[in-house]
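Structural overview for review
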Amino acid sequence: MNQLTLFLPCAAGVEDFLAAEVKRIVGVADADMSRSRGGVLIKASWRDAMLLNLHSRLAQRVLVELAYQPYRSEDDIYATACDVAWEIWMTPRHTLKVEITAQHSPLKSLNFAALRVKDAVCDRLRHKTGERPNIDTTWPDVRVFAHLTESHCSIYIDTSGEPLFKRGWREDKGDAPLKETLAAAMIAATGWDGSQGAAQPLYDPCCGSGTVLIEAAQMALNIAPGSTRRFAFEKLLPFQSHVWQGIKAQAQAAQKPWPQGQKPFIFGSDVAFRMVDFAQRNAQRAGVAQAIELRGGDALQRMPPTDTPGVMLLNPPYGERIAAAGVAGTRAADRAQGREQRRDGGHTGGRESAQLADGGESGDFFAQLASHWKKHYSGWSAWMLTPDLKLPGKMRFKESRRVPLWNGPIECRLFRFDLVAGRNTKHPTPPDAH
């Protein structure tokens, strides 16, 4: 188990950040790592797989690659899966689920291809042990993943179980919450890691249920993101409890206690006091409540939380979520709804009042937010994740950096704005370079 090939899938745009994180966690050499769109492949050990599950903030899963072979038909896929030594990973007493993905595969039915992988696993175990495992598509003990390209089939066994963004602390959440892995990628892109403490505060003025803040606070306190959850590798045959307990003990010992009497340097606010309560409870479960200061308040009215300029990092509300931004967003939405009502004879067809057309009155909110920042946040850097590539123009800002990131299927940019005092000046937005 010291010569494994591990694949760590991630959101598109996060690959370089993930590669740097993997090096930091397990010290893998450049020669033993390769990157592709949507993931990082490394040569590593079973112990490394456990370490990555516990410590990675950016990976979606940790998969062990068991086969990589060319194929032309479902029979080729069956043969490839049959050659895997499943008996060293599981027994017939384990329940099984097979999932399959594909890019440009010539096969007509992915479901049939998945069925052939499942048959191969069961047939191999029955040949070796005289029994075959049962299938459980909801809570399986073992997840097997197959991925088909135009010419090759890869087969993996999952060591994570639930996706790694499920840290175990977020029980309170609002609508369309930001995944923890994406929040961590946003923080990584800014270069903020909490090591400067109060000298570089971090503030999210649209914090929602606190995902960005909690990820940042756990980074600052060196709390492993997987410290409060269970993993699929705990049910696999190579698992050794004493080794895992030692890894967790090392992680626990590496945590930084919050200094007695030190004030928080991570701040959050939200116009919805309900979300502030959610964020507070989530922070307590994550063990970082003492490091975060939370308040209610409109993003267009909230003053800087500290005299020291720092980093603002937010996934602002847009479209149907614009009302969460505060007064300007709500007023803009009300105006948009009023026009809709006049056109439709006073009936909106059940649309929520906050829903705006893309590029419509939402610009009012962002223009006012930019003005507020110019007036009160001189010296801060503001990082904003949005699918709207024209956002700098709406804010009359010239971005100093743009980082492509994907929020699930949505292509986004993380824009950086360096804030200086003075009036907003309209700058043409350059064409997207990515």
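In case you missed it, the structure is sitting above this.
In what follows, the accompanying structure is described. Quick caveat: nothing in here was measured; it's all calculated off a predicted structure.

Turning our attention to the overall build of the protein. Check the secondary structure of the protein and you find 11 helices and 14 strands. For the protein, long-range pairs separated by at least 24 residues make up 79% of all intrachain contacts whose partners lie at least 6 apart in sequence. Roughly 20,100 Å² of accessible area belongs to the protein as shown, and the carbon and sulfur atoms make up 48% of that amount.

A word on the packing of aromatic side chains. Inspection of the entire model under this criterion finds 15 aromatic pairs. Ring centres 5.1 Å apart and planes at 65° place the aromatic pair Phe-365 and Phe-366 in the edge-to-face group. Take Phe-365: its relative accessible area is 0%, and that puts it in the buried class. On the basis of relative accessibility, which here comes to 3%, the residue Phe-366 falls in the buried class. By way of ring pairs, the aromatic residues Trp-46, Trp-89, Phe-231, Phe-233, Phe-239 and Trp-244 are connected into one cluster.

For helix H6 (residues 211–220), the buried fraction is high: nine of the 10 residues fall into the buried class. Within H6, burial applies to Thr-211, Val-212, Leu-213, Ile-214, Glu-215, Ala-216, Ala-217, Gln-218 and Ala-220. Contacts made by the buried residues of H6 are with helix H5 (180–190), strand S8 (202–204), strand S9 (266–270), helix H8 (273–286), strand S10 (292–296) and strand S11 (311–314). Immediately downstream of H6, the backbone of Asn-222 shows phi near 55°, a positive value.

Okay, the sheet that holds strand S1 (residues 4–9) next. On the basis of which strands lie adjacent, the open sheet formed by seven strands has the order S2-S3-S1-S4-S7-S6-S5 and mixed pairing. Two strands lie at the open edges of the sheet, namely strand S2 (33–36) and strand S5 (96–102), each paired on one side alone. In this sheet, neighbouring strand axes are inclined to one another by 30° on average, regardless of whether the strands run parallel or antiparallel. With six bridges connecting them, S1 and strand S3 (residues 39–44) associate as antiparallel partners. The residue bridging Phe-7 from the neighbouring strand is Leu-41, located in S3. Contacting S1, S2 and S3, helix H1 (residues 15–26) crosses the sheet at an angle of about 160° to S2.

On to unusual backbone geometry, then. Glycine aside, residues mostly have negative phi angles, and peptide bonds mostly take the trans form. Unlike most non-glycine residues, His-104 shows phi in positive territory, near 65°. Its location among the elements puts His-104 in the loop between S5 and helix H4 (110–129). The phi torsion at Arg-396 lies on the positive side, around 55°, for a residue other than glycine. Checked against the element boundaries, Arg-396 lands in the loop between helix H11 (391–395) and strand S13 (401–407). The class for Arg-396 is partly exposed, based on a relative accessible area of 40%.

Before going further, it helps to examine the pairing of S10. Side-chain alternation along S10 places Ile-292, Leu-294 and Gly-296 on a buried face and Glu-293 and Arg-295 on a face that remains uncovered. Bridge analysis of S9 against S10 gives five bridges, and the strand direction is parallel. Bridging from a neighbouring strand, Ser-269 pairs with Arg-295 of S10. Between the parallel pair S9 and S10, the chain is carried across by H8, and the sense of this crossover is right-handed.

Our focus in this paragraph is the pairing of S3. Here four bridges tie S2 to S3, and the two strands are oriented antiparallel to one another. Across the sheet, the residue bridging to Ser-36 is Gly-39, located in S3.

Bringing the sheet that holds S8 into the picture now. Pairing in this open sheet of seven strands is mixed, and the strands run S10-S9-S8-S11-S12-S14-S13 from one edge to the other. The outermost strands of the open sheet, each flanked by one partner alone, are S10 and S13. Each adjacent strand pair in this sheet contributes to an overall mean axis angle of 20°, direction not counted. Running over the sheet, H8 touches S9 and S10 and is turned about 165° from S10.

A word on the environment of Gln-3. Examined against the element boundaries, Gln-3 turns out to sit in the segment before S1. Under the relative-accessibility criterion, Gln-3 is labelled exposed at 76%. Separated by 43 residues in the primary sequence, Gln-3 and Trp-46 have C-alpha atoms spaced 8.1 Å apart.

Conventions adopted
Starting from 1, residues in each chain are numbered consecutively following that chain's sequence as written. Totals for whole chains, interfaces and linings use all residues, but because this is a predicted model, local features are given only for residues with pLDDT of at least 70 and pairs of side-chain atoms are given and counted only at 80 or more. Note that the side-chain values use all heavy atoms of the structure and ignore hydrogens as well as water. The way it works is that DSSP assigns letters per residue, a run of H or I at least four long becomes a helix, a run of E at least two long becomes a strand, and they are numbered from the N terminus. When checking whether two residues touch, look at their non-hydrogen atoms; a contact exists if any pair is within 4.5 Å. Using a 1.4 Å probe, accessible areas were evaluated by the Shrake-Rupley method; residue-level cover was limited to the displayed protein chains. Within 6.5 Å between ring centres, the rings of Phe, Tyr and Trp (the latter by its six-membered ring) count as paired, and their orientation is classed by plane angle as stacked under 30 degrees, edge-to-face over 60, tilted in between. Only protein chains enter the calculation, and the probe is 1.4 Å; a residue is then buried if its accessible area is under 20% of its type maximum, exposed if over 50%, and partly exposed in between. Strands are labelled as partners when DSSP assigns at least two bridges between them. Where helices are involved, their axes are fitted lines through C-alpha atoms of the stretch in contact, as for all axes, and angles between N-to-C directions lie from 0 to 180°. A right-handed crossover is one whose linking path, passing over the helix from the first strand to the second, runs clockwise when the strands point away from the viewer.

Fair warning: the whole summary comes from geometry, so function is off the table for now.
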